[in-house]
Amino acid sequence: MKGALRIGRIAGIDIFLHWTFGLLIAGIFAFYLLHGVGVQAALAGVVLVLVVFGCVVLHELGHALMARRFGVPTRDITLYPIGGVARLQRIPEEPIQEFWIAVAGPAVNLVIATVLALVLWGVGGSFDPNALVQPRLHFLTSLMWINLLLVGFNMLPAFPMDGGRVLRALLALRMNYVRATQIAASIGQGMAVLFGLFGLSASIRFCCSLRCSCTWAPSRKRSRPCSARSRRASRCVRP
């Protein structure tokens, strides 16, 4: 595949890593360093991301192996910074087959999260979601919550995500495939607009808070001479 490196082969399916994945690793490392958590914590964050993408590979294998069960081969699996993609050679013949293929991926993450939760419960570990900020101290907790987030995010009814494919499969049980695809795609486009507006709003709030912090600091410096002058003035008018 162009722009991707073949890193292995599992169950007869080639696994590729896109070149942009390196940008993600560098960005994660820089993110932790900029937050002043130290090199060790930054390295732990990078290791966490690598393990998460191992879970993503298992997620995509869940799709691929379920598709194989229905006689649908998988060309390959490619990992991108935003996730993985399992390329099926054709669309399943029956809607119920697409339903099970789409559900199989998130089900893998749910199983991983359940196993990690049982391990944490057994060793008396923390279930605090704030552990995501300190992966070096709460590695398993962070990994558990990330897998749960992957389940929730992938099951959003936004086609062509897993949840959107589940929605299309359910709709196709009651109408033709073309109409079901149109409805699922329209819902996906609507959710994309909502996500875009949310991201724009968050960016505006961040820029405003950054501007306020930048203007507040100089104003505080300017206020010091004024307060000094006022103290001198108060001494001059003392009776």
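Above: the structure in question.
Below you will find a few notes about this structure. Not measured: the values here are computed from a predicted model. (Residues numbered from 1 in each chain as written. Predicted model: local features only at pLDDT ≥ 70, side-chain atom pairs only at ≥ 80, totals over all residues. Heavy atoms only, no water.)

1. Here's the deal with the packing of aromatic side chains
Right, so step 1: Here the structure, examined in full by the defined rule, presents two aromatic pairs.
Right, so step 2: Where phenylalanine 21 meets phenylalanine 53, the ring centres are 4.6 Å apart and the plane angle is 90°; that geometry is what we call edge-to-face. A residue pair is termed long-range when its members are at least 10 positions apart, and phenylalanine 21 in helix H1 (residues 21–34) and phenylalanine 53 in helix H2 (residues 39–69) qualify at 32 residues.
Right, so step 3: Relative to tryptophan 100, the ring of phenylalanine 99 has its centre 5.1 Å away and its plane inclined at 80°; by these criteria the two rings are edge-to-face.
Right, so step 4: Classification of tryptophan 100 as partly exposed rests on a relative accessible area of 42%. (Phe/Tyr/Trp six-rings, centres within 6.5 Å; stacked < 30°, edge-to-face > 60°. Helix = DSSP H or I, 4+ residues; strand = E, 2+ residues; numbered from the N terminus. Buried < 20%, exposed > 50% of the residue type's maximum accessible area, 1.4 Å probe, protein only.)

2. Quick notes on unusual backbone geometry
Right, so step 1: Between phenylalanine 159 and the following residue, proline 160, the backbone shows a cis peptide bond with an omega angle of 15°.
Right, so step 2: Relative to the elements of secondary structure, proline 160 occurs in the loop between helix H4 (139–154) and helix H5 (162–172).
Right, so step 3: One non-glycine residue with positive phi stands out, namely alanine 11, at about 55°.
Right, so step 4: Assignment of secondary structure puts alanine 11 in the loop between strand E1 (4–10) and strand E2 (13–18).
Right, so step 5: Of the residues examined, alanine 11 reaches a relative accessible area of 38% and is grouped as partly exposed.

3. Re the packing of H2 against helix H3 (residues 95–123)
Right, so step 1: One can describe the packing of H2 onto H3 by two numbers: an axis separation of 8 Å at closest approach and a directional angle of 145°. In terms of crossing hand, the pair formed by H2 and H3 is right-handed. Contacts between H2 and H3 involve Cys55, Leu58, His59, Gly62, His63, Met66 and Ala67 from the former and Trp100, Ile101, Ala102, Ala104, Gly105, Pro106, Val108, Asn109 and Ile112 from the latter.
Right, so step 2: Per-class residue counts for the contact of H2 with H3 are 11 nonpolar, five polar and no charged. (Axes fitted to C-alpha atoms, helices over the stretch in contact; angles between N-to-C directions. Left-handed = near helix turned anticlockwise from the far one by under 90°. Contact = heavy atoms within 4.5 Å. Nonpolar A, V, L, I, M, F, W, Y, C, P; charged D, E, K, R; others polar.)

4. Some points on the sheet that holds strand E4 (residues 83–88)
Right, so step 1: Strand order across the open sheet formed by four strands is E1-E2-E3-E4, with mixed pairing between neighbours. The sheet terminates laterally at E1 and E4, the two strands that pair on one side only. Adjacent strand axes in the sheet meet at a mean angle of 25°, parallel and antiparallel pairs treated alike. (Pairing = 2+ DSSP bridges.)

5. Examining the layout of surface pockets
Right, so step 1: In this structure, the largest pocket encloses a volume near 1200 Å³.
Right, so step 2: The wall of the largest pocket is formed by 36 residues, among which Glu60, Ile82, Gly83, Gly84 and Asn154 lie closest to the centre.
Right, so step 3: Within the residue set of the lining of the largest pocket, elements represented by two or more residues are H1, H2, E4, H3, H4 and H5.
Right, so step 4: When residues in the lining of the largest pocket are grouped by element, the largest group, eight residues, is from H2.
Right, so step 5: Across the lining of the largest pocket, the residue classes break down as 24 nonpolar, six polar and six charged. (1 Å grid on protein atoms, 1.4 Å probe; cavity = no way out; pocket = protein on both sides within 12 Å on 5 of 7 lines; lining within 4 Å. Points joined across faces, edges and corners; volume = space filled by probe spheres on them.)

In short, shape yes, function no, at least from these values alone.
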